[in-house]
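So you can see what is in the structure, the chains are spelled out below.
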Amino acid sequence: MSAAKITGSDTFIRGADVPVEALEPGIRRQMLGYGTDLMMCRVLFDKGAEGSVHSHPHSQSIYIESGRFLITVDGKEQELGAGDSAFVTSNVMHGAVCLEEGVILDTFSPAREDFLGEGA
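Everything numeric in this text was worked out from a predicted model, so none of it was measured.

> What should I look at first to understand the packing of aromatic side chains in this one?
When we look at a pair of aromatic rings, we describe it by the centre distance and by the angle of the planes. Applying the stated criterion to the full structure yields 2 aromatic pairs. With 5.0 Å between their ring centres and 80° between their planes, Phe-45 and Phe-69 make a pair best called edge-to-face. Residue Phe-45 is located in strand 3 (residues 39–45), and its partner Phe-69 is located in strand 5 (residues 59–73); the two are separated by 24 residues in the primary sequence. In this structure, Phe-45 and Phe-69 share a single accessibility class: buried. Seen from their ring centres, Phe-108 and Phe-115 are 5.5 Å apart, and the 90° between their planes marks the pair as edge-to-face. Residue classification places Phe-115 among the buried residues on the basis of a relative accessible area of 18%. Over the aromatic face of Phe-115 sits the side chain of Arg-29, whose NZ or CZ is 3.8 Å from the ring centroid. Seen from the ring of Phe-108, Arg-112 lies directly overhead, with NZ or CZ sitting 5.2 Å from the centre.

Okay, structure coming up:
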């Protein structure tokens, strides 16, 4: 899918109206606001769930809304809790292990086309 096909989300999004999709075991995601250049997702983790180490061409800002996580970025690990954040530059390996049930807000630039269905 090309970036030109991303039409963007509604202007106002109510979290209660956004479907929650299962990803890996113990991890669920809500697609919040997005346009071609920016995307925000809410990711819910069960204790012990692992977001596997990976990379992508998008810059990513990670904000810990609740819980505790061991975040790995470029081989460095840091335990983060509510109110903490991490920044991941393009193509850098990163992942997360949930130490205490919680929620992460992930923001990507540009938008993650791979997260959107064909009708985006």
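> Would you take a moment to explain unusual backbone geometry for this structure?
Glycine aside, residues mostly have negative phi, and peptide bonds are mostly found in the trans state. Of note, the bond from Ser-109 into Pro-110 is cis; its omega dihedral lies within 30 degrees of zero at -10°. Within the secondary structure, Pro-110 sits in the segment after strand 8 (94–109). In this structure, Asp-74 takes a positive phi of about 55° despite not being glycine. Note on placement: Asp-74 falls in the loop between strand 5 and strand 6 (76–81).

> Any chance you could explain the environment of Ala-82 here in plain terms?
Positionally, Ala-82 belongs in the loop between strand 6 and strand 7 (85–88). On the accessibility criterion, Ala-82 (54% relative accessible area) is exposed. In this structure the C-alpha to C-alpha distance between Ala-82 and Ile-64, which are 18 residues apart in sequence, comes to 4.9 Å. Leaving out residues up to four positions away in the same chain, Ala-82 has contacts with Ile-64, Glu-65, Ser-66 and Gly-67.

Scoring rules and cut-offs
Residues numbered from 1 in each chain as written. Predicted model: local features only at pLDDT ≥ 70, side-chain atom pairs only at ≥ 80, totals over all residues. Heavy atoms only, no water. Phe/Tyr/Trp six-rings, centres within 6.5 Å; stacked < 30°, edge-to-face > 60°. Helix = DSSP H or I, 4+ residues; strand = E, 2+ residues; numbered from the N terminus. Buried < 20%, exposed > 50% of the residue type's maximum accessible area, 1.4 Å probe, protein only. Lys NZ or Arg CZ within 6 Å of the ring centre and 35° of its normal. Contact = heavy atoms within 4.5 Å.

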